[in-house]
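Overview (structure and organization)
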There are 2 protein chains.
Amino acid sequence: MSQTSGDVWSPVITPFGADLAPDRQRFVAHCQWLTSNGVGLAVFGTNSEANSMTVAEKQTLLKALVDGGVDPTRIMPGTGSCTIDDCVALTREAVDAGCAGVLMLPPFYYKGVSDEGLFRYYSEVINRVANSRLRIYLYHIPPVTHVPLSFELIERLRDAFPGIIAGIKDSGGDWAHTKGLTERFAGQDFAVYAGSERFLLDTLRAGGAGCISATANVNPAAIVELARHWQANDADDRQQNLNVVRDLFEKYPLIPAMKAATAYFSGKDAWRRVRPPLVELEEQHVSELVSSLKTTGFQMEGVGEASHG
Amino acid sequence: MSQTSGDVWSPVITPFGADLAPDRQRFVAHCQWLTSNGVGLAVFGTNSEANSMTVAEKQTLLKALVDGGVDPTRIMPGTGSCTIDDCVALTREAVDAGCAGVLMLPPFYYKGVSDEGLFRYYSEVINRVANSRLRIYLYHIPPVTHVPLSFELIERLRDAFPGIIAGIKDSGGDWAHTKGLTERFAGQDFAVYAGSERFLLDTLRAGGAGCISATANVNPAAIVELARHWQANDADDRQQNLNVVRDLFEKYPLIPAMKAATAYFSGKDAWRRVRPPLVELEEQHVSELVSSLKTTGFQMEGVGEASHG
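Model, not experiment: these values are computed from the prediction.

Here is what the cut-offs are and how they apply
Residues numbered from 1 in each chain as written. Chains lettered and ligands numbered in written order. Predicted model: local features only at pLDDT ≥ 70, side-chain atom pairs only at ≥ 80, totals over all residues. Heavy atoms only, no water. Pairing = 2+ DSSP bridges. Helix = DSSP H or I, 4+ residues; strand = E, 2+ residues; numbered from the N terminus. Contact = heavy atoms within 4.5 Å. Axes fitted to C-alpha atoms, helices over the stretch in contact; angles between N-to-C directions. Buried area = accessible area lost by both parts, 1.4 Å probe. Salt bridge = Lys/Arg side-chain N within 4 Å of Asp/Glu carboxyl O. Polar contact = N/O pair within 3.5 Å; in protein donor to acceptor, adjacent residues only side chain to side chain. Nonpolar A, V, L, I, M, F, W, Y, C, P; charged D, E, K, R; others polar.

This brings us to the sheet that holds strand β4 (residues 136–140) of chain A. Residue and element names in this part refer to chain A. With respect to topology, seven strands assemble into an open sheet ordered β2-β1-β7-β6-β5-β4-β3, the strand pairing being parallel. The open sheet has two free edges, formed respectively by β2 (40–41) and β3 (102–104), since each of these has just one partner strand. Sheet topology places strand β5 (residues 165–170) next to strand β6 (residues 191–194); four bridges connect them, and they run parallel. Bridging from a neighbouring strand, Gly167 pairs with Ala191 of β6. Set on the sheet, helix α7 (residues 175–185) makes contact with β4, β5 and β6; between it and β5 the angle comes to about 165 degrees.

Okay, structure coming up:
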């Protein structure tokens, strides 16, 4: 059987300095560490605090990555915004840089908007970017946006923009929904990604492409290992081991917890910093998290070292 | 009894051209029409489609208003954003222009954030703007943001930034909540605004300041009339009449409905245009709305005329 390997991407956590400005050097180093572990770079996602950053900051970070020698076909920036013009600006930059694609939130301020309105939003963005190399991965994350993407909308977008609407990330947290997406859409021309490695094995078995998962920031090697060997006899055991680690992180607010672990295992305390309205993990919880991780044999080998190029 | 008049503000609807760019001239003219009817300009609010616009577009419109001779003490721009830097940029501009204050959404991407995180967000903005002339009106609109502002947060902010935290707009749609705000906070140094003229009379009787209401875009004179004469014998009748008009608009998506009415009564069809993900009101609904409005004697006298300066 020649089934291909599953694909793992990480919504890369963003390092901030004491003034809360993004730390380009630490960002590029973390991205290089992730790619050296086989993880693609879904930079500017929910877990990247992307909506807490300006468009200009994201443009600067993307440029730093490409200038830093990171392969753009392993970069899939989040470019969705409430504002068409901001979305178009960042999407254009990603296409011009040769990125694999972009992960695109729906506009998330207004609630109860119609499929027609969302269709017009995505259409307007696509028509303005006006580049056949554009690949859009839709981003379904109703617990955060409260703006779900219906199957009808996805179908209408695929019909209108074949080749450009290339897949979806399902961060709804509901396996039945992800399964439904794979049954209706998964295939050569449409990649269904689970929003958590908790559903990685199920997604691959259902014909999906892999996962784009927060904790791929901290547990990349083990997640990639399962994605590569998902048809091996020990796949269910591997999945179980991934879930144990995920459970430990999910005891706390996920972004501060991942940043705390990265700070601990890299020895770079500045990693703990988050932008408001998020709050960094308190000391006691950091100790609890690190202790519990260590009992599982968890490590982040090589994280925070100067170069992984 | 020397009770002062209630205060009415409108989250000004934004006119767009065929390319969806803001139409500065129509914008300034509509603002002048509103002020000539006694309504203050809460530009860049929810009903302004402000989060569908870039920071630069809002800066340009604000400048056009001030350059157009509009009294800045009657302007209260919405400046809240998911991004501290974007919020600070627009807030600074508003303070420098001498605006009455700013209406500030909490960061609205992440859900379930803590009061501590929201406190840090507002504190960071205030500290960066660093201007004692700053007046912040908090914007509580949980049906849209899903990020409520608790009484404890309001109190903590007032204690930390006396004079700067100047009031709140309550768009929760729950009178008990607005009443609770007036009981706990309303007074000389804290203005409680209802988010709809439906609660205007109740708010003024409870010691609140007035309302900041969408439909003040289309029914300004009558709303201001009640605010000025809320202690008159016919106040309840006036409130009832306002509610009848509000009901008619609320049969439809509010922003497209207000724009459709403005288009009809100004004779400028371009007013119907909205930015995605919103969708303009369909023809049949426009006819229904206009007919039903006319049966009440509703009019928008002078709207769309060249100058109200």
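Across the boundary between the two partners, chain B contributes 43 residues, which contact 43 residues of chain A. Together chain B and chain A conceal approximately 3200 Å² of surface at their shared face, both sides included; 62% is due to carbon and sulfur atoms. Looking at the side of chain B facing chain A, the largest losses of area belong to B:Tyr109, B:Tyr110 and B:Pro277, adding up to 25% of the total buried there. On inspection of chain B and its partner chain A, the count reaches four salt bridges. Along the contact surface separating chain B from chain A lie 14 residue pairs in polar contact (both at pLDDT 80 or more). Mapped by element, the contributors of at least two residues to the side of chain B that touches chain A are α3 (84–96), α4 (115–129) and α5 (142–145) of chain B. Considering every element that reaches the side of chain B that touches chain A, the biggest residue donor is α4(B), with seven residues. Residues that form the side of chain B that touches chain A fall into these classes: 22 nonpolar, nine polar and twelve charged.

Attention now moves to the pairing of strand β1 (residues 7–10) of chain B. Residue and element names in this part refer to chain B. Sheet topology places β1 next to strand β7 (residues 210–212); three bridges connect them, and they run parallel. By the bridge assignment for β7, Val8 is matched with Cys211. Pairing between β1 and strand β2 (residues 40–41): two bridges, direction parallel. Within β2, the position partnered with Ser10 by the bridge is Leu41.

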